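Architecture and fold: a report
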Amino acid sequence: MRKPELLIPAGNLEKLRTALLYGADAVYVGVAGLSLRAGSAEMSMADLAAGVNEAHAKGVKVYAAANTFARNTDLELAKKIIPELAAIGIDALIISEPGMLRLIRNSAPQLPVHLSTQANTTNIEAVRFWHDQGVKRIVLARELNLKEVGEIATAVPEMELEIFIHGAMCMAYSGRCYLSAFRNRRSANEGDCSQPCRWEYLLHESTRPDDPLILREDDRYSYLLSSKDLCLIECLPDVLASGVTSLKIEGRMKSTYYVAVVTRTYRQALDALTQQKEKYKCRQEWIDELTKISNRGYTTGFAFAEEKINETSQDVKYIQTHEPAGTVLQYNAAQKRILLGVRNRLQTGGYLELLLPDGIATLTITEMTDKNGNELSEAHSGNEIYLPFDRQIPVGILARQTVKSGGNNPE
Ligand code: SF4
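All values reported here derive from a predicted model rather than from experimental measurement. (Residues numbered from 1 in each chain as written. Predicted model: local features only at pLDDT ≥ 70, side-chain atom pairs only at ≥ 80, totals over all residues. Heavy atoms only, no water.)

Attention shifts here to the overall build of the chain. Along the chain, the regular secondary structure elements total 10 helices and 23 strands. Of all 411 residues assigned to the chain, the portion counted as buried reaches 52%. Once local pairs closer than 6 in sequence are excluded, the contacts in the chain between residues at least 24 apart make up 68%. Summed over all atoms, the accessible surface of the chain reaches about 18900 Å², with 49% contributed by carbon and sulfur. Averaged over its 47 positive side-chain charges, the chain has a centre that lies 3 Å from the centre of its 51 negative ones. (Helix = DSSP H or I, 4+ residues; strand = E, 2+ residues; numbered from the N terminus. Buried < 20%, exposed > 50% of the residue type's maximum accessible area, 1.4 Å probe, protein only. Contact = heavy atoms within 4.5 Å. Areas by Shrake-Rupley, 256 points an atom, 1.4 Å probe, with all protein chains shown as cover. Lys, Arg positive; Asp, Glu negative; His and termini not counted. Charge placed at Lys NZ, Arg CZ, Asp CG, Glu CD.)

Counting along an α-helix, one turn takes 3.6 residues, and residues three or four places apart therefore face a common direction. For helix α1 (residues 13–22), the tally of buried residues reaches seven of 10 residues, placing the bulk of the element in the interior. After α1 finishes, the residue G23 shows a positive phi value of roughly 110 degrees.

Attention shifts here to the site of the ligand. Lining the immediate surroundings of the ligand are C170, M171, A172, C177, A188, C193, P196 and C197. In the shell around the ligand, the residues fall into eight nonpolar, no polar and no charged. (Near = heavy atom within 4 Å. Nonpolar A, V, L, I, M, F, W, Y, C, P; charged D, E, K, R; others polar.)

The subject of this paragraph is the environment of I397. For I397, the position within the fold is in the loop between β22 (384–388) and β23 (398–402). Residue contacts for I397: discarding those within four places in its chain leaves L21, Y22, G326, T327, V328, L354, L355, L356 and P357.

Looking now at the packing of α1 against helix α2 (residues 45–57). Relative orientation of the contacting elements α1 and α2 amounts to 10 degrees, with a least axis distance of 10 Å. Classified by the interaxial angle, the pair formed by α1 and α2 is roughly parallel. Mapping the contact onto sequence places L13, L16, R17 and L20 in α1 and D47, A50, G51, E54 and A55 in α2. Taken together, the residues that form the contact of α1 with α2 break down as five nonpolar, one polar and three charged. (Axes fitted to C-alpha atoms, helices over the stretch in contact; angles between N-to-C directions. Parallel < 35°, antiparallel > 145°, perpendicular 65-115°, else oblique.)

This part is about the pattern of salt bridges. This model, assessed by the stated rule, comprises 23 salt bridges. Salt-bridge contacts for K147 lead to E151; the nearest nitrogen and oxygen are separated by 3.4 Å. Of this pair, K147 and E151 both sit in helix α6 (residues 146–155), four residues apart, which is roughly one turn of that helix. Residue classification places K147 among the exposed residues on the basis of a relative accessible area of 54%. Among the residues examined, E151 registers a relative accessible area of 40% and is labelled partly exposed. For the salt bridge of K292 with E289, the shortest nitrogen-to-oxygen distance reads 4.0 Å. Just as K292 is buried, E289 falls in that class too. Through salt bridges that share partners, E5, K136, R137, E160, E162 and K248 make up one connected network. (Salt bridge = Lys/Arg side-chain N within 4 Å of Asp/Glu carboxyl O.)

On the secondary structure map, E367 appears in the loop between β18 (359–364) and β19 (368–369). Expressed as a C-alpha distance, the spacing of E367 and G349, which sit 18 residues apart in the sequence, is 8.1 Å. Every residue in contact with E367, bar those within four places of it in the chain, is listed here: T348, Y386, L387 and P388.

So, in structure tokens, the structure goes:
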């Protein structure tokens, strides 16, 4: 069975390293000023260069998103950055529109080009058109079902195809939406969506401003605009059968903990699928793992849809059962203890799960000390603490705890 590429979002260098640790085949990153994820999910050229070196040392590819819909004022920056990206060894540049393609062809003709899902590629002729333009890979429109994806793969086998298999979904067609720009001047089309489609809405009649009609679909909220999240873990055999090259996880803005869980879970599932072939079965533990990152309930989205439909969320709030507790910064084998960079409040008696690439190690906090040896009863985000643990743990491993139990053992 052909092994597809597992492609993971890396909003910064820490997330890139986490993706490498947990088994990504490739990562995609934002280029400062040119990607459709503004600010916090873009990387500086220095971080990008470091990330490319570390990824290549492990045989992992790095794709850089320069998929903004470039305006005239963006072109000078693009002209400057494209040769720099080629020089640091980026494996491909992800673009959305032909102006950027022309710039790449002029200044770095050897650089492979991937076409972003933002370009709305939905049919065989469009894929052939982009192939004629020298595009190596297309991230197909999210609105396609797997049957349509398979038809494209059969008709244009020379084009690499990439689809999303996990992450947030948009109510707008391929993310082309002005709701965020209108509501609070943060444009989704410039990578800065504030997700107002997830908000709660009231209907006001102009002569009765103090008597709003609450748009409710149950006794709490309205979900008219709020989509569930995509999750195709249970139908990976169908996904692979469609003939796609690359399986993409959404979420360059998401946390390091999210990167750890989705990479680890899909890595295990894809390895099992390619080894076991027809005998493969999706394990319940993988489904359970994906419910331990914040989500809005899961859907298979358009994968099996005959019509252009979507599912709205049954809960306007994110579902969050677990939170990151910290990251392993060091393991001292002589003293048998972990140095943990704390992410959320911890307390003695708390119960942690350490997410190893191939399993989970558990730890009850019997004692914790700071770097000066002082005993602590609790620790907070930003602290670095020592925890006794008798087993070697790799640097970068994420620890988590339950949210509701306040870190206590949920059993
Ligand atoms: S506001 Fe909602 S529908 Fe619009 S781009 Fe943002 S996430 Fe998508």
